[in-house]
Amino acid sequence: MSSYYLNSLSDLKKTIQSIQNDALIQSLMVCVTDKSCDSVITLIDELNTLDLPFFGGIFPEIIVENQRKQEGFLIIPFHFKVDNYVVKLEDEAEIGNQVEFICDNIGQNANTTWIYVDCFSNNKTILTESLYQNLGYTFTYVGGGAGSLSFEQIPAVFNNTGIYKNAAVLAFADTHLSLGVAHGWSPISDKLKVTKTNGNNIISFDWKPAVEVYTSIVEKHAKSKFDNKGFFELAKSYPLGMVKVGGDIIVRDPIMIKDNELVIVDRVNEGEFVQILNGDMNSLLAGAKNAQFLAHGYQNNKNVFCIDCISRVLYMNDDFQKEIDIIKGNQTLNGVLTIGEIANNSQTFLEIYNKTTVVITW
């Protein structure tokens, strides 16, 4: 895959000149690390001199030519045009109207949309549901949660018009993407009904305190206590899984306990059934292999990009390089490490995932 990586903006003008000299480039996707986010406004101003549409986000880390990077900027040139829009997510009642207006104005031949969304917005699910209601299952959707591992909400998505907080950027194109989505986590508990929630927090399972139920099952299986390891250190191996029709499991990531409530990265609705999941290095790498196969299949696509959850990195540490090596196959891999992943495969409902690998080829 053709790409440009800048550790800092000192070489940006040289990169812009190179992009200008390539007549095939029609648009850009731009991925920035959290540690380099202070330079985004300058980056936007300079990229606007190109007169090309671009969109992107700020992420905990990026993947550049098969290597993780915690600093810098990744620019992916597309040989197809994108039409990009910003959806502001503060007002829950207005999200559907914004999405409907955008979908009424996209190109007739558009069949794919990239979605980068502020990972700490409370209204992400309303956004994805509105998109799916307007565009349906024949569209291909792919993207992820932008933001910082500090868990402080920052302006995290951008396009030609600026950088935005509590918002999403949507980029529509007429192109074919092949997707693979998998995770490698398996149930270790019976189904639990989510009986009370507070936003992204779960208060009770089966009318019992969620924190007590979760910690009891996890400590028994792990043969270890949360008090001894700290919540996230143990919880990173025990996500929740929402059980969907057909047996699919959509992973949800518990990140902390707050006010005796289980805080989840993405919402789980009251009435959902969940199971506590567990995995190990082998099962997670098998999940990555499955995603890689589903995306590549028997096609000869030349470009490979992944949207992979940063919590898989936190689980695997340096062994995450094994996941990169599996996903790339015989090609060069670029990607982003996100806080939540977004995808469908033109056969299933659009979902927000956690702790999941999404592989994209074209």
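Note: the structure precedes this text.
S.K.: Help me understand the sheet that holds strand S10 (residues 157-159), please; the structure alone is not making it clear to me.
M.R.: Two orientations exist for strands paired in a sheet by backbone hydrogen bonds: parallel and antiparallel. Judged by pairing direction, the sheet is mixed, and its six strands sit side by side in the order S1-S6-S2-S3-S10-S11 without closing on themselves. This sheet does not close on itself; its edge strands, each paired only once, are strand S1 (4-6) and strand S11 (162-164). Strand-to-strand twist across the sheet, computed as the mean angle between neighbouring axes with direction ignored, equals 20°. Lying over the sheet, helix H1 (residues 12-20) contacts S1, strand S2 (27-33) and strand S6 (73-78), oriented at roughly 170° with respect to S1. Packed onto the sheet, helix H2 (residues 40-47) meets S2, strand S3 (54-59), S6, S10 and S11 and runs at close to 165° relative to S2.

S.K.: Any chance you could explain empty space enclosed by the protein here in plain terms?
M.R.: It is the rolling of a water-molecule-sized probe over the atoms that shows where space remains empty. Enumeration according to the criterion identifies one cavity of 30 Å³ or more in this entry. The space that makes up the largest cavity amounts to roughly 40 Å³. The wall of the largest cavity is formed by Ser-121, Asn-122, Asn-123, Lys-124, Thr-125, Asn-200, Asp-266 and Arg-267. Residue composition of the lining of the largest cavity, by class: no nonpolar, five polar and three charged.

S.K.: What am I meant to see in the pairing of S6 here?
M.R.: A regular strand places its side chains on the two faces of the sheet in alternate fashion. Across the six residues that make up S6, a large majority, six, are buried. Here S6 shows no split at all, with Phe-73, Ile-75 and Pro-77 on one side and Leu-74, Ile-76 and Phe-78 on the other all buried. Both S1 and S6 contribute to a ladder of three bridges, which runs antiparallel. Counterpart to Tyr-5 in the pairing with S6 is Leu-74.

S.K.: Can you walk me through helix H3 (residues 92-105) in this structure?
M.R.: Along an α-helix, residues three or four apart share an orientation, since each turn contains 3.6 residues. Within the span of H3, buried status applies to Ile-95, Val-99, Ile-102 and Cys-103. Summarising the axial view, the buried residues of H3 lie within an arc of 95°, below the 170-degree limit, and thus occupy one face. Turned more than 90 degrees away from the buried face of H3, the exposed residues are Ala-93, Phe-101 and Asp-104. Looking at the buried side of H3, the elements it contacts are strand S7 (82-88), helix H4 (124-135) and strand S12 (167-173).

Reading guide: rules and limits
Residues numbered from 1 in each chain as written. Predicted model: local features only at pLDDT ≥ 70, side-chain atom pairs only at ≥ 80, totals over all residues. Heavy atoms only, no water. Pairing = 2+ DSSP bridges. Helix = DSSP H or I, 4+ residues; strand = E, 2+ residues; numbered from the N terminus. Axes fitted to C-alpha atoms, helices over the stretch in contact; angles between N-to-C directions. Contact = heavy atoms within 4.5 Å. 1 Å grid on protein atoms, 1.4 Å probe; cavity = no way out; pocket = protein on both sides within 12 Å on 5 of 7 lines; lining within 4 Å. Points joined across faces, edges and corners; volume = space filled by probe spheres on them. Nonpolar A, V, L, I, M, F, W, Y, C, P; charged D, E, K, R; others polar. Buried < 20%, exposed > 50% of the residue type's maximum accessible area, 1.4 Å probe, protein only. Arc of directions from axis to C-beta.

Everything listed is a geometric property; what it means functionally is a separate question.
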